[in-house]
Amino acid sequence: MASHLTGGPSLPQERRLVTQIPGPASLERLDRKKQHVADGVGTTLPVFVTAAGGGVLVDVDGNSLIDLGSGIAVTSVGNAAPDVVSRVQEQVAAFTHTCFMITPYDGYVDVCAALAELTPGDHAKKSALFNSGAEAVENAVKIARVATGRDAVAVFDHAYHGRTNLTMAMTAKNMPYKQGFGPFAGEVYRAPMSYPFRDGLSGEEAAARAIDVIEKQVGASNLACVVVEPIQGEGGFVVPARGFLPALTEWCTRNDVVFIADEIQTGFCRTGDWFASHHEGVVPDLVTTAKGIAGGLPLAAVTGRADLMDSVHVGGLGGTYGGNPVACAAALGAIEEMHSHDLAGRARQIGALMHERLTAIAGDHPVIGDLRGRGAMMAIELCEPGTTLPDPVRTAAVSAYCHQQGVVTLTCGTWGNVLRLLPPLAISNPLLHEGLDVLAEAFAATA
Ligand SMILES: *Cc1c(COP(=O)(O)O)cnc(C)c1O
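In the nomenclature of an unreviewed UniProt entry, the protein chain is known as (S)-3-amino-2-methylpropionate transaminase of Nocardioides koreensis. We quote the UniProt Pathway (unreviewed entry) comment for the protein chain here in full: "Amino-acid degradation; 4-aminobutanoate degradation." The Cofactor (unreviewed entry) comment attached to the protein chain in UniProt states, word for word, "pyridoxal 5'-phosphate".

Given below as structure tokens:
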């Protein structure tokens with residue numbers, strides 16, 4: 001077997017371009033995709049992958065690309081990480097499915113025990129497992145509604161919570177997530193987010209503004225939960241001003257409103273701690289997780305106060321595949337990788353390196369209006385120099401240049417003017433530097 005077909009960390013950790021991007025073999029497959037796959041399923045960087053590991057993706061033409069996206073913060077432990085692969089192989093050969101609601105197995109309970117230990121707070125916690133982030137968010141809302149006997153859900157500007165009907169209602173951005181897909185679920189209310197680059201407010205001021213909207217437009221006594229991403233993902237890597245999250249949690253506690261942290265993108269070492277809530281000592285009532293939890297296999301969870309979790313009647317939570325044994329084995333392997341390689345510490349190193357390099361790039365290119373993020377979750381927001389007017393055209397051009405040069409970058413933001421960096425925590429420093437060299441070149445080339 002050719003070496004480029006062997007995935008995992010044994011792959012040569014190098015950027016290697018042997019064709020244009022996409023190359024002829026990928027172009028052929030794109031024709032097949034066009035023929036068989038619904039057009040609604042888009043593609044950011046149209047190369048077909050055959051292997052991935054560490055900080056690279058290898059395509060069907062033999063190109064080796066630097067991965068600064070981790071499949072949207074999923075393969076934080078690296079693609080095909082050794083502890084994930086070995087545990088999955090063992091599990092998949094033993095049994096693939098029973099449905100936990102019919103006949104249980106250890107892996108599910110082990111993941112729930114690990115979640116109780118790793119999520120913020122040392123109170124009694126329980127979990128339920130699902131397949132996708134959106135499903136976890138939906139179930140967190142279900143639990144909050146049963147526990148409080150109230151209907152309303154408060155979410156924020158720029159929020160992203162998924163693509164199912166309830167989570168589309170909770171997601172802020174219309175195109176492409178919501179356009180034409182309504183009517184949406186009711187009783188979802190939107191409050192202003194703390195967005196320091198755009199509002200200049202302190203965390204306390206921004207929280208007071210959000211709470212005022214919630215109190216006046218919804219009423220605390222009607223509110224089941226407040227759902228917030230501690231650092232927003234798709235909405236633009238918006239880091240709320242310090243103090244915003246603690247003030248919100250305090251208000252929720254005072255008003256018996258369930259505070260739900262959506263840590264689906266920020267969780268599992270990504271921001272330099274196990275969860276982003278940890279950075280401000282915030283202890284959510286419920287936490288939703290997915291993405292980085294299982295090294296690439298589909299798994300999601302709701303974890304939180306045992307009394308809230310247990311407010312739901314027996315049979316009220318579940319799903320055919322939720323907490324699939326192979327996905328649970330992958331999660332246990334991923335968590336082991338995070339512990340044994342101190343990936344939270346590694347995320348802080350990666351963050352420091354990226355911050356230094358991006359600060360230098362921003363110094364040369366006034367189109368970069370803001371640099372923000374935490375740990376290995378960092379972004380730059382592109383605006384017309386000296387203003388907050390979004391520049392999505394330049395953002396797309398910079399990203400396209402990176403793709404042509406073999407570096408996987410992603411964009412995000414309500415205005416599509418944010419370049420976000422989510423490298424695998426298994427990436428090497430030289431490879432990360434090379435990826436950022438290409439990003440610097442991209443700014444120069446598109447000036
Ligand atoms: C990705 C994401 C979701 C949705 O997760 P899926 O697995 O795609 O359903 C929800 N919330 C946040 C913060 C996310 O980043």
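Next comes the rest of the account.
### Topic: the pairing of strand E3 (residues 64-67)
Burial along E3 is two-sided: the face carrying Ser64 and Ile66 and the face carrying Leu65 and Asp67 are both buried. The pairing of strand E2 (residues 56-59) with E3 spans three bridges and is antiparallel. Looking across to E3, one finds that valine 58 is bridged to serine 64. In this structure, E3 lies alongside strand E13 (residues 407-408), joined through two bridges in parallel fashion. By the bridge assignment, isoleucine 66 is partnered in E13 with valine 407.

### Looking at the domain arrangement of the protein chain
Domain annotation of the protein chain identifies domain 1 (24-80 + 343-445) and domain 2 (98-323). The centre of domain 1, based on its C-alpha atoms, is set 26 Å off from the matching centre of domain 2. Across the contact, 39 residues belong to domain 1 and 28 residues belong to domain 2. Regarding the contact of domain 1 and domain 2, the summed buried area is about 2700 Å², with carbon and sulfur atoms giving 59% of it. If you look at where domain 1 meets domain 2, you find two salt bridges. A salt bridge links arginine 198 to glutamate 381, with the shortest nitrogen-to-oxygen separation between them at 2.5 Å. Scanning the region where domain 1 abuts domain 2 turns up 17 residue pairs in polar contact (both at pLDDT 80 or more).

### As for unusual backbone geometry
A cis amide bond, omega 0 degrees, links methionine 175 with the succeeding residue proline 176. With respect to the helices, strands and loops of the structure, proline 176 is situated in the loop between helix H6 (165-170) and strand E6 (188-191). For the bond from glycine 182 to proline 183, the omega torsion is 5 degrees, close enough to zero to count as cis. Mapped onto the fold, proline 183 is located in the loop between H6 and E6. One non-glycine residue, glutamate 187, lies in the positive phi region at around 60 degrees.

### Quick look at the packing of helix H8 (residues 203-217) against helix H9 (residues 244-254)
Where H8 meets H9, the closest approach of the two axes is 8 Å, and the angle between their N-to-C directions is 35 degrees. In this structure, H8 meets H9 at a crossing whose hand is right-handed. Here H8 contributes Gly203, Ala206, Ala207, Ala210, Ile211, Ile214 and Glu215 to the contact with H9, which in turn contributes Phe244, Ala247, Leu248 and Trp251.

### Regarding the site of the ligand
Around the ligand, a shell composed of Ser132, Gly133, Ala134, Tyr160, His161, Gly162, Glu229, Asp262, Ile264, Gln265 and Lys291 is seen. Within the backbone of glycine 133, one N or O atom sits 2.7 Å away from an oxygen atom of the ligand. Lysine 291 places a polar side-chain atom, nitrogen or oxygen, 2.6 Å from an oxygen atom of the ligand. Notes on the ligand: free accessible area 380 Å², of which the protein chains cover 82%. Across the shell around the ligand, the residue classes tally to three nonpolar, five polar and three charged.

### Section: the sheet that holds strand E8 (residues 258-262)
Pairing is mixed across the open sheet formed by seven strands, whose spatial order is E4-E10-E9-E8-E7-E5-E6. This sheet does not close on itself; its edge strands, each paired only once, are strand E4 (125-130) and E6. Direction aside, the axes of adjacent strands within the sheet are offset by 20 degrees on average. Where strand E5 (residues 152-156) lies against E6, four bridges are found, and the strand directions are parallel. In the strand pairing of E6, alanine 154 is matched with tyrosine 189. Those strands touched by helix H4 (residues 106-118) are E4, strand E9 (286-289) and strand E10 (300-305), and its axis lies near 130 degrees from that of E4. On the sheet, helix H5 (residues 133-148) packs against E4, E5, strand E7 (223-228), E8, E9 and E10 and is oriented at approximately 30 degrees with respect to E10.

Rules behind the numbers
Residues numbered from 1 in each chain as written. Predicted model: local features only at pLDDT ≥ 70, side-chain atom pairs only at ≥ 80, totals over all residues. Heavy atoms only, no water. UniProt positions renumbered as here; feature names shortened; annotations may be inferred. Buried < 20%, exposed > 50% of the residue type's maximum accessible area, 1.4 Å probe, protein only. Helix = DSSP H or I, 4+ residues; strand = E, 2+ residues; numbered from the N terminus. Pairing = 2+ DSSP bridges. Domains from an automatic or database assignment. Contact = heavy atoms within 4.5 Å. Buried area = accessible area lost by both parts, 1.4 Å probe. Salt bridge = Lys/Arg side-chain N within 4 Å of Asp/Glu carboxyl O. Polar contact = N/O pair within 3.5 Å; in protein donor to acceptor, adjacent residues only side chain to side chain. Axes fitted to C-alpha atoms, helices over the stretch in contact; angles between N-to-C directions. Left-handed = near helix turned anticlockwise from the far one by under 90°. Near = heavy atom within 4 Å. Areas by Shrake-Rupley, 256 points an atom, 1.4 Å probe, with all protein chains shown as cover. Nonpolar A, V, L, I, M, F, W, Y, C, P; charged D, E, K, R; others polar.

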